[in-house]
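Residue-level structure breakdown
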Amino acid sequence: MSGAEFELPERYHGLREEAAALAASVAHLAAEADEADAIDPGMRAALAASGLAAVCVPAEYGGRYADIDPLAVAVVREQLAAESAHLDSLFAMQGIGSYALARGGTPELRERWLPRVAALDAIAALGLTEPDIGSDLRGTATTVAEDGDELVVGGHKSFITNGGDADFYCVLGKEEAGLSMVLVPADTPGLTTTRPHQIIAPHVLGDVVLDGVRVPRSWRLGEPGKGMRLGLATLATFRVSVAAAAVGTAQAALKEATVHTANREQFGRPLIQLGAVADQLARSWTEIEMARAFTYRAAAAAARDPLGSLHLSSMAKVAATETAGRVVDRCVQVMGRFGLVRGAKIERLYRAARPMRVYEGATEVIFDSLSRKLVKELAT
């Protein structure tokens, strides 16, 4: 089904093949890893050996490209998500968790951590959400206060990807100047983690409690009170890659359903020859190709101007994740009882697709933001 794809520039073709090869090599680990609440060592070893985590770090610190390329990240995530949500998250979070450091850290701090992120020797995490704070980050309750040459950080971060397994956290907190981002290594005294929650598609997820944590003042990332800029820059660079992961998830589900319905006979012929089944699969293929083309267009735009293209990345994220939800549901339906079997790949894909419509910008929140931009551009 590659004939109708977005015309991906030649320089990304080898990267896509690398990612597909990695995904295929860990297929035997996917079922177990996708049920894990801690980083799977086999997946981590395979990703480290592939060198693909370097896509998420600037070349100056061991990365693949001079700067982080959203289209390259998207190309990789599409392939990885088609095989394992765990592997996809492990890859993506090396970039999402370290981007504020790459943009706002001192040269010494970047040199200390980013080469390890690129090599997967250090696991990165981003601490934004709190028990009472989700999309509205301006209500952040975590505090940051200067005390001589140190910063004192206190608060509770919740639903943090890689929480408990990360080697460092880029934490958003409130200080006098506004919201700031601070790097806090996981072994800092006063930092503890718990795992009180798990979601329908098991995930490396934890809460991070910071009880009077002290770090050097130079570990603030960027300027005091400018942490939201780093958070927004992270979204602008990586949000579109969620769309790519959704496309990969939907494509994998369509493959499962097509193979099943082409080989299972009912009423004297293959299921795929039944009009209603054929219609569902053809409709899904069409929607996947539309989502892929839009996702790659938005990722290419983000590679040129991440903040200026955030509206396109947001649209692509909504379009692709909503498409994945519809497609995977259809695929389960046409597979009948075999689509409901616990532990089957289609069941893993079904559960993996659902959270995509919530994390890194819920559909409703994104639409609210897009509507304001629409009014500003067209109604004034």
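What comes next concerns the included structure.

Procedures and definitions
- Residues numbered from 1 in each chain as written.
- Predicted model: local features only at pLDDT ≥ 70, side-chain atom pairs only at ≥ 80, totals over all residues.
- Heavy atoms only, no water.
- Pairing = 2+ DSSP bridges.
- Helix = DSSP H or I, 4+ residues; strand = E, 2+ residues; numbered from the N terminus.
- Buried < 20%, exposed > 50% of the residue type's maximum accessible area, 1.4 Å probe, protein only.
- Expected span 1.5 Å × (residues − 1).
- Arc of directions from axis to C-beta.
- Contact = heavy atoms within 4.5 Å.
- Salt bridge = Lys/Arg side-chain N within 4 Å of Asp/Glu carboxyl O.

Notes on the pairing of strand β2 (residues 143-147)
Note: β2 against strand β3 (residues 150-161), five bridges, orientation antiparallel. Counterpart to Ala145 in the pairing with β3 is Val152. Taken together, β2 and the strand that follows it, β3, pair antiparallel across an intervening segment of two residues, in which Gly148 is found at a positive phi of about 65°.

Structural notes on the pairing of strand β4 (residues 168-175)
Burial analysis of β4 places seven of its eight residues in the buried class, the great majority of the element. Where strand β1 (residues 124-127) lies against β4, four bridges are found, and the strand directions are parallel. What sits directly across from Leu126, in β4, is Cys170. Two elements, β4 and strand β5 (residues 178-185), share eight bridges in a ladder whose sense is antiparallel. Counterpart to Phe168 in the pairing with β5 is Pro185. Linking β4 to β5, which pair antiparallel, is a turn of two residues.

Focus: helix α12 (residues 363-378)
Taking 1.5 Å as the rise per residue, α12 with 16 residues should run 22 Å; its terminal C-alpha atoms sit 22 Å apart, in good agreement. Buried within α12 are the following residues: Thr363, Ile366 and Leu370. Within α12, the buried residues cover an arc of 65° as seen down the axis, which keeps them to one side. Seen from the buried face of α12, the exposed residues on the opposite side, beyond 90 degrees, are Glu364, Arg372 and Lys376. Elements in contact with the buried residues of α12: α8 (227-263) and α10 (310-334).

Examining the pattern of salt bridges
Under the counting rule described, the total for this entry stands at 25 salt bridges. Here Arg64 ties to Glu18 by a salt bridge, and the two come within 2.7 Å at their closest N and O atoms. Residue Arg64 is found in the loop between α3 (41-50) and α4 (70-81), and its partner Glu18 is found in helix α1 (residues 13-25); the two are separated by 46 residues along the sequence. Using a relative accessible area of 34% as the deciding quantity, one classes Arg64 as partly exposed. Note that Lys345 and Glu83 form a salt bridge whose closest N and O atoms lie 3.5 Å from each other. With Lys345 in helix α11 (residues 345-353) and Glu83 in the loop between α4 and α5 (85-96), this residue pair connects regions lying 262 residues apart in the sequence. Lys345 sits in the partly exposed class, given a relative accessible area of 21%. Relative accessible area serves as the criterion here: at 17%, Glu83 is assigned to the buried category. Several salt bridges converge on common partners, so that one network encompasses Glu35, Arg342, Glu347 and Arg351.

Geometry only, nothing functional implied.
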